[in-house]
Amino acid sequence: MLRISVQSVRHYWALFVGTFVALALGVALIGVCAVALAATWAVPRPPGGAPSVTLTDGTGAAHTLGSGDLDLGGIQSVLAMAGVVSAFVTVFVIAGTCAFGIALRRRDLGLLRLAGAGGRQVRRMVLGESVAVAVPAAVLGCAVAAVAAPAAVRALNGTGLSPVELLAGALFWPLVFAAGSGLVISVLGVLAASGRAARTRPTEALREADLDSRAMTAGRAVTGVLLLVAGAVMVALAPGAGAEAATPLALFGTMALAVTAALLGPRYLPPLLRLLTLPLRWADPVAGRLAVASVTTSRRRTASLVGPVLAIVAIVGVFTTVLSTTGAATTADDRARTAAQLVVEPADGGGLSAQELAALRADPRVAAVSAPAPVDVAVAGPQSVWRDQAAVVDPLALARTHRITVVEGAIGPLAPGTVMVSKEFADWYGEHAGGEVTYGRFGGTPVRARVVAVLDGGSAVPHLLLPAGAADPAPPRASVLLDGAAAGSAGAVAAELTARPGADRVTVTSTAAWFEHSVTTQDRLNRLVLLVLTGPASLYALIAVAGTLVMSYSRRGREVTGMRMCGVSTCQLRRMAIWETVSTTMLGAAIAAVLVALGGRAYCAALPVFGGSARLTVPWGLLGSLVGACLLVGVTVSLAATGRLLRHGGVALISSRQ
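As a convention, each chain's residues are numbered from 1 in the sequence order in which they are written. Reporting of local features is limited, given that this is a predicted model, to residues whose pLDDT is at least 70; pairs of side-chain atoms are given and counted only at 80 or more, and all residues count toward the totals for whole chains, interfaces and linings. Only hydrogens and water are set aside when side-chain values are computed; all heavy atoms of the structure are taken into account.

(A) Structural context of the overall build of the protein chain. Put simply, DSSP H or I for four residues or longer makes a helix, DSSP E for two residues or longer makes a strand, and each gets a number counted from the N terminus. Helix and strand counts for the protein chain stand at 22 helices and 15 strands. A 1.4 Å probe rolled over the protein chains alone gives each residue an accessible area, and that area as a share of the maximum for its type sets the label: buried under 20%, exposed over 50%, partly exposed in between. Within the protein chain, the proportion of its 658 residues that are buried is 50%. By definition, residues are in contact when any of their heavy atoms lie within 4.5 Å. A separation of at least 24 residues holds for 82% of the contacts in the protein chain among residues at least 6 apart in sequence. Surface exposure here means Shrake-Rupley accessible area, sampled with a 1.4 Å probe, where a residue is shielded only by the protein chains that are shown. Counting every atom, the protein chain has about 29,000 Å² of accessible surface; 64% of that belongs to carbon and sulfur.

What follows is the structure, given as structure tokens:
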């Protein structure tokens, strides 16, 4: 059957070109992500001599951590997520195109069954076709990845997402992983379609229509219902699950609903399109009515055209919405919790000296000054030791400059041998007031400290609040709370506090201005992350739309010729193609927008914001650009395919073999 599979791919090349391009791009993207991940794992450790600390976990095992160890978890998470999104979208696109291709070839498969081919042989033939497409696609994808990976790693260094410069190392094993992933993805994508092909009856050879009314199979319906239930449950649980658990629930719940909407499309899309395209019947009586009839009667083709736009816009939309909403909620929470009117920073970007802090506290207009000094520490847990963020803090001053809630214990000065922890830290590791935490500064000795309070203050409260010591670092900034009389003239006080030591020493800005600057910096980082995550998915959207349209028009020769013989003009046929593309693309985008709004609102409800609620932030501009690109590609491909059919029109096309 392998020989027949290869001949089938060569003969029906238009049905496989979309799968080939999507798989090649998927392998290339997975290869680039794998090479970049390998570069993060291959970052050399700093030379010996860096301060370290040895802690013993709850099992008695000793762990030594060095201060020079780099935290590459952020960039690794972004790259891993990009690879997962690429793999998921690749499977989705290939499964959709393969299923559509099987539906278009039903009569040919029926002829094979009439010729004596068994169901298992047909299934092996379809799987052989996927392998025949996957092997050259994987080779091409690996070649593209080998060329693009070094440039991608250099571009990644320029984004600032990595704390150290990455170098692309050996490409062999990452590309082997990418090629193997491509072959597995190809087989997974075609499994369901091969089962349907094996069940094709010999009588299908007698059918005239390429796509009949039996577009919703039992397997498709059962899978869609199961994903619908799973997605609805995850989205429903997200609001009460907390910020950490809500992220995967909202993401995967929305993705499950998007796949459900695509799977169940043949059932509900034609009635929706019939309703939404009613204006076309009056705006363009001939072309509009033909377009409406086409998209509402060929249900499987309509679902295949709507599916890629729906799925890709929903996936890109929910990822970007979760990221944007998280940033907006964090900023809103920080603003609401900050009572201080001024922020003081050293002009040289270093730290504030003890003399500068003492001068601030001595000013009669200043009510309180909090200046946390961040410290990297190692913390011992029941089964492991990890790096964590701590800070040397005066809790009483911090409680005056920020709105902090005491969850457990009592707030007061920190004595040696005591610590306070954040609510987030307590929730993660089960720490409570009265318990003990073992930590160590790098270059120091382990300290076993008693937890005296658990504080809820958002990002203003570090995971561990440490007492002051002899070798504390200089704080990078200070928050200044003015008394009642000076609070109304914060701008004048800021100018005076800057001029007193000199603008070359410190910079004093209002809290609002400082937040505006920090939001701008965070937005830049978020845009870079969005580019890494959504760039591949956007390319997939365009390829999926173009590939599906090429497949669709490759089997519409008789339809176009029949309409020409009935007197439909070439202009009307071209307008029909445009209306079909516009209606299916916009419907897919509209359904995706509803799913993104559902997932985004569920996630937004789980984010805590002091004194209020998180604001849903959806990057509609980015999603609108993606939909516009899908429209442009779809209209261009539709017009080109229609023009090709018109150039090869005539009665001969009716009797020709397709």
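Next, the rest of the story.
(B) Spotlight on the confidence of the model for the protein chain. What pLDDT expresses is the predictor's confidence in each residue, scored from 0 to 100. Of the residues in the protein chain, 88% reach a pLDDT of 70 or more, and the chain-wide mean stands at 81. Confidence, expressed as mean pLDDT per element, reaches its minimum in the protein chain at helix H22 (residues 651-655) with 41 and its maximum at strand E8 (residues 418-422) with 94. In this model, residues 208-213 is a region of pLDDT below 50 whose contacts with residues beyond four sequence positions or in other chains number 18 contacts. Note on residues 650-658: pLDDT under 50 across the span, and 17 contacts to partners over four residues away in sequence or across chains.

(C) Layout of the sheet that holds strand E3 (residues 342-346). Ordered in space as E4-E12-E3-E13, the four strands form an open sheet in which the pairing is antiparallel. With partners counted over all chains shown, the strands left at the sheet margins are strand E4 (366-370) and strand E13 (506-510), one partner each. Neighbouring strand axes in the sheet, compared pairwise and without regard to direction, differ in orientation by 25° on average. A pair of strands counts as paired when DSSP detects no fewer than two bridges linking them. Taken together, the five bridges between E3 and E13 define a ladder with antiparallel strand orientation. If you follow Pro346 over to E13, its bridge partner there is Val506. Only the stretch in contact is used when fitting a helix axis, every axis being a line fitted to C-alpha atoms; angles between N-to-C directions are given from 0 to 180 degrees.

(D) Summary view of the side chain of Glu356. Here Glu356 is to be found in helix H13 (residues 354-362). Take Glu356: its relative accessible area is 14%, and that puts it in the buried class. Beyond its immediate sequence surroundings of up to four residues, Glu356 is in contact with Gly351, Arg505 and Val506.

(E) Region of the structure containing the pattern of salt bridges. In the sections that follow, a salt bridge refers to a side-chain nitrogen of Lys or Arg positioned within 4 Å of a carboxyl oxygen of Asp or Glu. Evaluated as defined, the whole model comprises eleven salt bridges. A salt bridge links Glu516 to Arg335; the nearest nitrogen and oxygen atoms lie 3.2 Å apart. Remark: Arg335 occurs in helix H12 (residues 299-337) and Glu516 occurs in helix H18 (residues 511-554); sequence separation between them is 181 residues. Glu436 is the salt-bridge partner of Arg448, the closest N and O atoms lying 2.6 Å from each other. A residue pair is termed long-range when its members are at least 10 positions apart, and Arg448 in strand E10 (residues 447-456) and Glu436 in strand E9 (residues 436-441) qualify at twelve residues. Looking at Arg448, the relative accessible area reads 57%, which means it is exposed. With a relative accessible area of 44%, Glu436 lands in the partly exposed category. Each of the salt bridges in this network shares a partner with another, and the network as a whole consists of Asp333, Arg337 and Asp456.

(F) Structural detail: helix H9 (residues 265-276). Between its first and last C-alpha, H9 extends 15 Å over twelve residues, near the 16 Å set by a 1.5 Å rise per residue. All of the buried residues in H9 are Gly265, Pro266, Leu269, Pro270 and Leu273. All buried residues of H9 project into a common sector of 105° when viewed along the axis, lining one side. Set apart from the buried face of H9 by more than 90 degrees, the exposed residues are Arg267 and Leu275. In this scheme, a helix's expected span is set at 1.5 Å multiplied by one less than its residue total. The directions from the helix axis to the C-beta atoms are what the arc is built from.

(G) Local environment of the packing of aromatic side chains. Centres within 6.5 Å are what make two rings of Phe, Tyr or Trp a pair, Trp counting through its six-membered ring; a difference in plane orientation under 30 degrees is then read as stacked, over 60 as edge-to-face, and the rest as tilted. Applying the stated criterion to the full structure yields five aromatic pairs. Pairing Trp386 with Tyr429 gives two aromatic rings, centres 4.3 Å apart and planes at 20°, and the pair type is stacked. Remark: Tyr429 occurs in helix H15 (residues 423-429) and Trp386 occurs in strand E6 (residues 385-392); sequence separation between them is 43 residues. Residue classification places Trp386 among the buried residues on the basis of a relative accessible area of 15%. Looking at Tyr429, the relative accessible area reads 32%, which means it is partly exposed. By way of ring pairs, the aromatic residues Trp386, Phe425, Trp428 and Tyr429 are connected into one cluster.

(H) Main features of the packing of H12 against helix H21 (residues 620-647). Their axes nearest at 10 Å, the elements H12 and H21 cross at an angle of 160°. Here H12 is positioned roughly antiparallel relative to H21, judged by the angle of their axes. For the crossing formed where H12 meets H21, the hand is right-handed. Judged by residue contacts, Val309, Ile312, Val313, Val316, Gly317 and Thr320 of H12 engage Leu622, Leu623, Leu626, Val627 and Cys630 from H21. Note on residue categories: nonpolar means Ala, Val, Leu, Ile, Met, Phe, Trp, Tyr, Cys or Pro, charged means Asp, Glu, Lys or Arg, and polar means any other residue, Gly included. Its residues assigned to classes, the contact of H12 with H21 comprises nine nonpolar, two polar and no charged. For this classification, under 35 degrees means roughly parallel, over 145 means roughly antiparallel, 65 to 115 means roughly perpendicular, and everything else is oblique. By the definition used in this description, the sense in which the near helix is turned from the far one sets the handedness, with an anticlockwise turn below a right angle giving left-handed and a clockwise turn giving right-handed.

(I) Summary view of a nonpolar patch on the surface. Patches were defined on residues exceeding 30% relative accessible area and lacking a salt bridge, with like-charge contacts within 9 Å and nonpolar side-chain contacts (Val, Leu, Ile, Met, Phe, Trp, Tyr) within 5 Å. Judged by side-chain polarity, Val131, Val135, Val139, Leu183, Val184, Val187, Leu188 and Leu191 come together as a nonpolar surface patch covering roughly 610 Å² of accessible area. Looking at the nonpolar patch, the elements that each hand over two or more residues are helix H5 (119-159) and helix H6 (172-198). Considering every element that reaches the nonpolar patch, the biggest residue donor is H6, with five residues. Following the sequence through the fold, Val187 ends up in helix H6.

(J) Geometry of helix H11 (residues 285-297). Here H11 spans 18 Å end to end across 13 residues, near enough to the 18 Å set by a 1.5 Å rise per residue. The set of residues buried in H11 consists of Ala287, Gly288, Ala291, Val292, Ser294, Val295 and Thr296.

(K) The environment of Val508, seen in detail. Mapped onto the elements of the fold, Val508 is located in strand E13. On the accessibility criterion, Val508 (9% relative accessible area) is buried. C-alpha of Val508 to C-alpha of Ala478: the two residues are 30 residues apart in sequence and 9.5 Å apart in space.

(L) Spotlight on the nonpolar core. If you look at the biggest cluster of nonpolar residues, it comprises 66 residues, and the most contacted ones within it are Leu310, Phe319, Leu573, Ile591 and Leu595. Ranked by residues supplied to this core, first place goes to H12 with 14 residues. For Leu595, the residues in contact, after removing those within four places along its chain, are Thr254, Leu257, Ala258, Ala261 and Leu310. We call a set of buried Ala, Val, Leu, Ile, Met, Phe, Trp, Tyr and Cys residues a nonpolar core when their side-chain atoms join them within 4.5 Å. In terms of nonpolar packing, the next biggest core, distinct from the first, is built from 23 residues, Leu23, Ile30, Val32 and Ala134 among them.

(M) Up close: the environment of Glu580. Here Glu580 shows up in helix H20 (residues 570-605). A relative accessible area of 3% places Glu580 in the buried class. Separated by 275 residues in sequence, Glu580 and Leu305 place their C-alpha atoms 9.4 Å apart. Beyond its immediate sequence surroundings of up to four residues, Glu580 is in contact with Ala291, Ser294, Val295, Tyr553 and Arg556.

(N) Fine view of the pairing of E10. Inspection of the sheet shows strand E7 (residues 405-409) paired to E10 by four bridges, in the antiparallel sense. Counted as the bridge partner of Thr405 is Asp456 from E10. Of the strand pairs in this sheet, E9 and E10 are connected by four bridges, and their pairing is antiparallel. Its bridge partner lying in E10, Tyr439 is registered against Val447. As consecutive antiparallel partners, E9 and E10 are separated by five residues, and within that stretch Gly443 has a phi angle of approximately 90°, a positive value.

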